[in-house]
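# Chain and residue survey
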Amino acid sequence: MHMYGAYFIVVFVLILVAYAGYEETMRLFSYADLQVRYAFVRLQMKWMGWRLKRQLVRDTADFEKFLKEYKND
């Protein structure tokens, strides 16, 4: 049952090579690889944005507290 998936992938790659040639097939795989890597980079940037936003809220609250104490002195 599991071998059907492997056979399907091999046949798919062979059809791609037969239709578009070796170079274009490799370019297609390179493009897919770059798209996956770029998706991970975008996800990391989104997480960094969330963390920075949380940190900024925390730092703003601390700075406002500092300003109140500084004005009272």
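Residues numbered from 1 in each chain as written. Predicted model: local features only at pLDDT ≥ 70, side-chain atom pairs only at ≥ 80, totals over all residues. Heavy atoms only, no water.

On to the packing of helix H1 (residues 2–20) against helix H2 (residues 22–72). For the pair H1 and H2, the least separation of the axes is 7 Å and the interaxial angle reads 125°. Of the possible angle classes, the one that applies to H1 and H2 is oblique. The segment H1 lies against H2, with Val13, Leu16, Val17 and Ala20 engaging Tyr22, Glu24, Thr25, Leu28 and Phe29. When the residues that make up the contact of H1 with H2 are grouped by side-chain class, the tally is 7 nonpolar, 1 polar and 1 charged. (Axes fitted to C-alpha atoms, helices over the stretch in contact; angles between N-to-C directions. Helix = DSSP H or I, 4+ residues; strand = E, 2+ residues; numbered from the N terminus. Parallel < 35°, antiparallel > 145°, perpendicular 65-115°, else oblique. Contact = heavy atoms within 4.5 Å. Nonpolar A, V, L, I, M, F, W, Y, C, P; charged D, E, K, R; others polar.)

Each aromatic ring pair is described using two quantities: the centre-to-centre distance and the angle formed by the ring planes. In this structure the tally under the stated criterion is 2 aromatic pairs. Relative to phenylalanine 12, the ring of phenylalanine 8 has its centre 6.4 Å away and its plane inclined at 20°; by these criteria the two rings are stacked. Taken together, the residues span about one helical turn, with phenylalanine 8 and phenylalanine 12 both in helix H1 at a distance of 4 residues. Its relative accessible area of 58% is what places phenylalanine 8 among the exposed residues. (Phe/Tyr/Trp six-rings, centres within 6.5 Å; stacked < 30°, edge-to-face > 60°. Buried < 20%, exposed > 50% of the residue type's maximum accessible area, 1.4 Å probe, protein only.)

Attention now moves to H1. For H1, with 19 residues, the first-to-last C-alpha span of 28 Å sits near the 27 Å given by 1.5 Å per residue. Backbone geometry just downstream of H1 places glycine 21 in the positive-phi region, at approximately 95°. (Expected span 1.5 Å × (residues − 1).)

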